[in-house]
Amino acid sequence: MLHRLIHTANFKLAVLYTAIFFASVAVLGGVLYIDVQQSLEDQLKDRISAEMEQLLGDYRDDGMNELRHDVRERIEANPANRLRYYIQNADGRIIFDKLAALPRERGWHSIAHLVLLVEPLEDGYVLAIGGEMTVMQDMQDVMLHGLLMSFVFSLVLGIIGGLIVSRRFLKRVDRLSRTAEMIGAGDLSQRIVLNGTGDDFDQLATTINRMLDRIEQLLGEIQHVTTNIAHDLRTPLTKLRNRLEMLQEGNPEIGDAIALLDESLNTFSALLRIAEVESGARREGFTQVDLSLLLTQLADTYSAVAEQESATLRTNISAAIYVNGDKHLLTQMFSNLIENALKYGGKEITVGLQQNKIWVGDNGAGIPESERGLILKPFYRSDKSRSTRGNGLGLSLVAAIAALHSMKLSLNDHKPGLRVELDF
Amino acid sequence: MKLLIIEDDAGMAGFIANGLKEHGHTADVAADGHEGLMLATGGNYDVMVIDRMLPKLDGLTLLKTLRESGVKTPALFLTAMGSLDDRVKGLESGADDYVVKPFAFAELYARICVLARRPPMGDVATTLQAADLEMDIMKRTVKRGGETIMLQPTEFRLLEYLMRHAGKLVTRTMLLEGVWEFHFDPKTSIVETHISRLRSKVDKGFSRELITTVRGSGYMIDAA
């Protein structure tokens, strides 16, 4: 189930959305981060510049002593959250806060964690005010953490959302494929149920339903035509047969004519039967069929026929195997297979039934592999069978009945001979 | 026998009626569903032969109406609709037999005769008798002149079918449908083979042959 969920188009879409969401969160975070950092730096610089201006004003008015006094005052007033102050004399000694060396050029500098504004004074003195950037480092950590958390959240939400959406999607796909399967199985009255929301799925379903209406209508017409042909053709042929029968008395040639007529009528009936089976309509009347009993009875019936043709029919039939199906059609299918084996197969016929497998084998000449596909087609007759009586429809009917019962028909080499297998 | 033929095709109806007259029976013909319904309700017939496709009232509805109004006359559908589904629907509507066109008259006639004096439903005999042949259906034993005959299951079913219709002709098709449940024409001589095996057990050693072949039509077992 999970495997199917992950492979749905919707889940893939959800994953893609999650990825896009991811990327946009990352870009947003990055931009925000740079922006906030910039504005924090600007704030710090503004503060430093303002301080510098004030100190320089005092220095210009009252000289170095006043400057020193001011600085000391500030350090003492606010020891925790304060700026750093440095005054360097001509010898290079730094007064107040500790720093290895002070750049002498006027302007902004960045040393270790410090943002530094440097202003040269008179007599080789330099004043510098610095601000710690550790605040910004903290902020960076918080933001990175936040971003990571939102990544994890969006990933989890994306996957859960994707699973939920694709489950809903799968449900509808399942409903659609169940309907399609029932229609494929011959129940043409089935239609896809709409959600009533008019979404893409409903639109698709409506289109498919319209198509199904059309197909059903066309098939109905074909069925109707077939029934009419059956009726319209059978009635005159019946009259013909009746006439011939009345004239038959003591005339063997008319007897032959009747036999010929019956043969064409048999071909006709066989074609109609194949059409009936292929339409899938018989599936409605499916019941539990005791395959073991059915095959045993058929084997009993045909072993007598085999004996008369000096052949033998052996069985290997497991007990109590049931299948859901049409008993009449299954009887006709097995009968066709056994009769084929008797007619073309040789002198040793085997009929077998095991769980999920039925086979009819013979020890005759078999069928070359190249012919095995063709032989199931209507009216195909191999060169060998052309000389014998038959219409070439028997195996087509077998194939149609097997398909109706979802049985897999295969023709195999029995070494020697042919082995027809039905897997179900 | 007095029969009712409900068939819109005059030629077909005439063919059946003539055939029946030749065998010494009388037959009325109705040319459409309404006429058929009227005659069937009023007249006292032994068997009805009904076409499925009829003008005015189709055969299926006609028979359902008759059965609902309590007419129990045995009915046989004669129809060009030969699919398994059509057959099931026909029998469900209350028909006792179903013959698909085209048909041999002998086949139709044999089936009509079987229907004519069908024992009423529910009355199922457990022993059957044909001349000096006795069958016990419950004990699955067969005796002729007091001597037990051993039969294979298929042979037993075949003999049972013949004995149930003792004294009447049963056709090859009737046997295929009744004994083997084959609703198709097999390519091998199943019926002939099994009849000959059955004969070798039932008739061999007896001066009188009970199972007779009616040439070109079918088989019959003597009733007495």
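Scroll up a little and you will see the structure.
So, here is what we can say about the structure in this document. All values reported here derive from a predicted model rather than from experimental measurement.

Details of a nonpolar patch on the surface
Thinking step 1. Together, L13, L16, Y17 and I20 of chain A make up an exposed nonpolar region whose accessible area comes to about 430 Å².
Thinking step 2. By the element assignment, L13 of chain A lies in helix α2 (residues 9-77).

What about the environment of L83 of chain A?
All names here are of chain A.
Thinking step 1. Relative to the helices and strands, L83 is located in the loop between α2 and β1 (84-88).
Thinking step 2. The spatial distance from the C-alpha of L83 to the C-alpha of E51 is 9.0 Å, given a sequence separation of 32 residues.
Thinking step 3. Dropping the residues within four chain positions of it, L83 is found in contact with L44, R47, I48, E51, D97, I129, G130 and G131.

Let's talk about the sheet that holds strand β11 (residues 408-413) of chain A
Residues and elements named next belong to chain A.
Thinking step 1. A sheet is described by the order of its strands in space; here 5 strands give the open sequence β7-β9-β10-β12-β11, paired in mixed fashion. Both outer strands of the open sheet, β7 (312-317) and β11, are each paired with one neighbouring strand and no more. Averaged over all adjacent pairs, the angle separating strand axes in this sheet is 15°, with direction ignored.
Thinking step 2. Strand direction decides the pairing type here: β7 and strand β9 (residues 348-354), joined by 6 bridges, are parallel. Considered in β9, the bridge of N316 is made with G352.

Some words on the sheet that holds strand β11 (residues 211-214) of chain B
Residues and elements named next belong to chain B.
Thinking step 1. Read across the sheet, 3 strands follow the order β10-β12-β11 without closing on themselves; strand pairing throughout is antiparallel. A single partner strand is all that each edge strand has here, and the edge strands are β10 (170-171) and β11.
Thinking step 2. Strand direction decides the pairing type here: β10 and strand β12 (residues 218-221), joined by 2 bridges, are antiparallel. Along β12, the bridge assignment pairs V170 with Y219.
Thinking step 3. Packing against the sheet, helix α8 (residues 190-202) makes contact with β11 and β12, and its axis sits at approximately 150° to β11.

Focus on the interface of chain A and chain B
Thinking step 1. Listed by partner, the interface residues are 36 residues for chain A and 37 residues for chain B.
Thinking step 2. Both sides of the chain A and chain B interface together cover about 3300 Å² of buried area, and 55% of this is carbon and sulfur.
Thinking step 3. For K239 of chain A, the salt bridge is made with D9 of chain B, and the minimal N-O distance between the two is 2.9 Å.
Thinking step 4. Across the contact surface, chain A and chain B share 15 residue pairs in polar contact (both at pLDDT 80 or more).
Thinking step 5. For the side of chain A that touches chain B, the elements supplying multiple residues, two or more each, are α4 (200-248), α5 (252-278), α6 (291-308) and α7 (327-345) of chain A.
Thinking step 6. Take the side of chain A that touches chain B: its biggest share by element is 11 residues, from α4 of chain A.
Thinking step 7. Its residues placed into classes, the side of chain A that touches chain B shows 8 nonpolar, 15 polar and 13 charged.

Quick notes on the rules
- Residues numbered from 1 in each chain as written.
- Chains lettered and ligands numbered in written order.
- Predicted model: local features only at pLDDT ≥ 70, side-chain atom pairs only at ≥ 80, totals over all residues.
- Heavy atoms only, no water.
- Patch = residues over 30% accessible without salt bridge, like charges linked within 9 Å, V, L, I, M, F, W, Y side chains within 5 Å.
- Areas by Shrake-Rupley, 256 points an atom, 1.4 Å probe, with all protein chains shown as cover.
- Salt bridge = Lys/Arg side-chain N within 4 Å of Asp/Glu carboxyl O.
- Helix = DSSP H or I, 4+ residues; strand = E, 2+ residues; numbered from the N terminus.
- Contact = heavy atoms within 4.5 Å.
- Pairing = 2+ DSSP bridges.
- Axes fitted to C-alpha atoms, helices over the stretch in contact; angles between N-to-C directions.
- Buried area = accessible area lost by both parts, 1.4 Å probe.
- Polar contact = N/O pair within 3.5 Å; in protein donor to acceptor, adjacent residues only side chain to side chain.
- Nonpolar A, V, L, I, M, F, W, Y, C, P; charged D, E, K, R; others polar.

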